Amino acid sequence: MARPALLQRRVSLLSLSLLCLVPWVQSNGNGLALTPPMGWMAWERFRCDTDCKDDLENCISEKLFMDMADRLSEDGWRELGYEYVIIDDCWMSRTRDKNGTLQPDPDRFPSGIKRLADYVHNRGLKLGIYADMGTGTCMNFPGTTLDKIKLDAQTFASWEVDYLKFDGCNSNALEQLLGYPLMSKALNATGRPMVYSCSWPVYIGSLPPEVNYTLLGDICHLWRNYYDIQDSWDSVQFIMDWFFNNQDYIQPAAGPGKWNDPDMLIIGNFGLSLDQSRTQMALWSIMAAPLIMSNDLRSLDNAARAILQNKVALSINQDPLGIQGRRLFKEKTKIEVYWRPLVDGASALVFLSRRSDMPYLYHTSLEKLFFEKGNYEVYDVFQSSKLKPLKSTEQFTVSINPSGVVMLHLKPVRSESGHRTLL
């Protein structure tokens, strides 16, 4: 969760000069997150519900995370790559223990985090946890100040945690400048492989020159660029617009082991229609975004499940090249076109309608979309159907529902000799 009331002031030149004093370490050099992480996180759906007396099914407790681990392991999610069960804010006791160590709330996590990690690991999954680079978390539980970074990293390792989300509420720009790299170093020093998710960019302005994306790629596996997602189509659009309006700045930063993070998948909650749910899945896959669901897997309907478990969309998201896609066109007709290159010369295309009237017929050709000359196999991702092959010069039409998408997977047709077949 990253919810600053106002973006913090720019880092001063004096603060920047301290960069040379920080012992840098490459988190992404440890072989983790070579494709965008996938899993489930509590925050957007369950927030900071700590009322386990009257709301046992939904409160932030070990039961909730055990329930979600059961669902991931038993309902086909794990086999598709959804492997992380991630605790967000509000898991802690209001105070550290007598040794200064973070501790879980004893009433809501009576077995402790290590036992929860064992439960998750026994189901072939991995456990993530939340901490905050500041005097307190966003919900005012104990934070991780500079002097506590090493201790907290060691604590998480002793609990056999596999993923850390490190937020930035209640800290200033200088503390973040020092703290985020120091936590990277501390995590690596434990010897336990932990994916490191940084919320740093959103607190200092999100874009260069305030944000050094090269540095982020050296110390973090993924980072929150922008504001928290909410359970609404407006929020999804707001985030999509920021990411693609600024693609020239952020797209080059992404790649294996280092990912831009537009926040959680809200598919299966209350705010999106079926078409809008497909849109979020399609654009998050084009962006090579982490696919971290925040929903109730215990009551997910079949339509939401089909979108989140779409194997072709997942293969696009998890493409090993790790190249983040881009928006190609933003038409006056309120149709937008997105593209992502994939392995073996394949690619993904998404046609998005921002209209609110009726399905729109969009006419184009692969040649107009900058495809190389040749013939292409075409697969409609959400209709789960193979379409007739397309020549690059051939005009074709897609019908796009309001606030919906058509997502295509395209692969060049090759001759027996391995060359593209040309017109």
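Scope of this entry: the structure provided in the associated data block. In this text the structure is predicted, and so the values were computed from the model without any measurement.

### Quick look at the pattern of salt bridges
Piece 1. All told, the structure shown has 25 salt bridges when counted by the stated rule.
Piece 2. A salt bridge links Arg 108 to Asp 105, with the nearest nitrogen and oxygen atoms 3.8 Å apart. This pair shows no difference in class: Arg 108 is buried, exactly as Asp 105 is.
Piece 3. Across the salt bridge formed by Asp 162 and Arg 192, the nearest N and O atoms sit 2.8 Å from each other. Remark: Arg 192 occurs in the loop between α7 (173–189) and β5 (195–198) and Asp 162 occurs in the loop between α6 (149–158) and β4 (163–167); sequence separation between them is 30 residues.
Piece 4. Through salt bridges with shared partners, one network takes in Glu 57, Lys 63, Asp 67, Asp 296 and Arg 298.

### Here we look at the packing of aromatic side chains
Piece 1. For the structure on display, the rule yields 20 aromatic pairs.
Piece 2. Each ring, one from Tyr 213 and one from Trp 223, has its centre 6.1 Å from the other, and the planes form 55°; the classification is tilted. On the criterion of sequence distance, the pair formed by Tyr 213 in helix α9 (residues 213–219) and Trp 223 in strand β6 (residues 222–224) is long-range, its members being 10 residues apart.
Piece 3. Given a relative accessible area of 7%, Tyr 213 falls into the buried group.
Piece 4. A connected cluster of aromatic rings, assembled from ring pairs, spans Tyr 226, Tyr 227, Phe 238, Trp 242 and Phe 243.
Piece 5. The cationic tip of Arg 123 hangs over the ring face of Tyr 119; the distance from NZ or CZ to the ring centre is 3.5 Å.

### Some remarks on the pairing of strand β14 (residues 385–391)
Piece 1. The pairing of strand β13 (residues 375–380) with β14 spans five bridges and is antiparallel. Bridged to Tyr 376 within β14 is Leu 390.

What counts and what doesn't
- Residues numbered from 1 in each chain as written.
- Predicted model: local features only at pLDDT ≥ 70, side-chain atom pairs only at ≥ 80, totals over all residues.
- Heavy atoms only, no water.
- Salt bridge = Lys/Arg side-chain N within 4 Å of Asp/Glu carboxyl O.
- Buried < 20%, exposed > 50% of the residue type's maximum accessible area, 1.4 Å probe, protein only.
- Helix = DSSP H or I, 4+ residues; strand = E, 2+ residues; numbered from the N terminus.
- Phe/Tyr/Trp six-rings, centres within 6.5 Å; stacked < 30°, edge-to-face > 60°.
- Lys NZ or Arg CZ within 6 Å of the ring centre and 35° of its normal.
- Pairing = 2+ DSSP bridges.

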